[in-house]
Amino acid sequence: LHPHPTEGRHFEVLLRMRDPQTGERLAPDHFIPAAERFQLGVALDRHVVNLTLGWLEARPEAAADVHTCAINLTAASLVDEQFGVFLYHRVRNSKLPAFKVCFEVTETSAVRDLARAQGLITKMRSLGCAFALDDFGTGFCSFNYLRSLDVDYFKIDGSFVRDLESSTLSMAVIRSITDIAHVLNKQTIAEHTESDAIFAALRELGVDYAQGFGIHRPEPIEQYFASVPALLAAR
């Protein structure tokens, strides 16, 4: 939403699962809760990190066009020491520069164990990686803990963004989060930006970035890099 947008693609890796019988592409709410319930979240994160980095490493021309590639981490991975070791070495040894990778962690999972969460964040930031607090604004009681988390972005939860045109409360929350983020030298990303009107309102509120169907709908990564100009990807 800056007057002079940064060059390159800003995108988030979203996970889908194909039904082995029908071939239907299943949304994450069909399998992520089950993976976490059976303690497979860490294994799933390993798979996604390897899959994403491997895809970009095999395609240098695509990797060169990336500004920021965001990858979600489950709550279990934040406190798993072995995962932290794996992640550090996988990123350090990757052909994709670490500064092009941003890991997203939910606000509630980070607050659950601040010391361990910040330990992983510090370790990965030493390589150049960025971090974002996802679903921000849904679970906080105080902003005090933000001093303990060295993240780069607050991703404003989509429930506030969707109601922006009809709710003065949502507008006030978004403005407050943005103001606090800027005081802390962090940037904001508004999720679920689904119309030009919301896009314009976010810009007026000083939000730094927008993400959502109003900008571009999710699609397979091969199709995304083949069909979407980098300027549109960054908008």
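Before going into details, it helps to say that this report is about the structure given with it. (Residues numbered from 1 in each chain as written. Predicted model: local features only at pLDDT ≥ 70, side-chain atom pairs only at ≥ 80, totals over all residues. Heavy atoms only, no water.)

1. Here's the deal with helix 2 (residues 41-57)
Moving on, step 1. Between its first and last C-alpha, helix 2 extends 24 Å over 17 residues, near the 24 Å set by a 1.5 Å rise per residue.
Moving on, step 2. Looking at helix 2, one finds that the buried residues are G41, V42, L44, D45, V48, V49, T52, L53, W55 and L56. (Helix = DSSP H or I, 4+ residues; strand = E, 2+ residues; numbered from the N terminus. Expected span 1.5 Å × (residues − 1). Buried < 20%, exposed > 50% of the residue type's maximum accessible area, 1.4 Å probe, protein only.)

2. Things to note about helix 9 (residues 168-183)
Moving on, step 1. Counted at 1.5 Å a residue, the expected span for helix 9 with its 16 residues is 22 Å, and the 23 Å between its end C-alpha atoms agrees.
Moving on, step 2. Those residues of helix 9 that fall on the buried side of the exposure criterion are S170, V173, I174, I177, T178 and A181. Buried positions in helix 9, seen along its axis, are confined to an arc of 125° and lie on one side of it. The outward face of helix 9, more than 90 degrees from its buried face, is lined by the exposed residues T168, L169 and V183. (Arc of directions from axis to C-beta.)

3. What to know about the state of the cysteines
Moving on, step 1. The tally for this structure, following the rule as stated, stands at 0 disulfides.
Moving on, step 2. With no disulfide of its own, C69 lies closest to C102 among cysteine sulfurs, the gap being 9.1 Å.
Moving on, step 3. Unpaired in terms of disulfides, C102 finds its nearest cysteine sulfur in C129, a separation of 8.8 Å. (Disulfide = S-S within 2.5 Å.)

4. A few points about the sheet that holds strand 6 (residues 130-136)
Moving on, step 1. Across the sheet, 7 strands lie side by side as 1-4-5-6-7-8-9; this open sheet has parallel pairing. Sheet topology places strand 1 (9-12) and strand 9 (209-210) at the edges, where each strand pairs with a single neighbour.
Moving on, step 2. Two elements, strand 6 and strand 7 (residues 153-156), share 3 bridges in a ladder whose sense is parallel. The partner of A132 across the bridge, within strand 7, is Y153. (Pairing = 2+ DSSP bridges.)

5. Brief notes about the pattern of salt bridges
Moving on, step 1. Counting across every chain of the model gives 8 salt bridges.
Moving on, step 2. A salt bridge links R116 to D113; the nearest nitrogen and oxygen atoms lie 3.8 Å apart.
Moving on, step 3. Overall, the relative accessible area of 26% leaves D113 in the partly exposed class.
Moving on, step 4. Connected via shared salt-bridge partners are E12, E104, K155 and E191. (Salt bridge = Lys/Arg side-chain N within 4 Å of Asp/Glu carboxyl O.)

6. Side note on the pairing of strand 7
Moving on, step 1. Along strand 7, one buried face is formed by Y153 and K155 and the opposite face, lined by F154 and I156, is buried too.
Moving on, step 2. Sheet analysis places strand 7 next to strand 8 (residues 187-190), joined by 4 bridges and oriented parallel. Across the sheet, the residue bridging to K155 is I189, located in strand 8.

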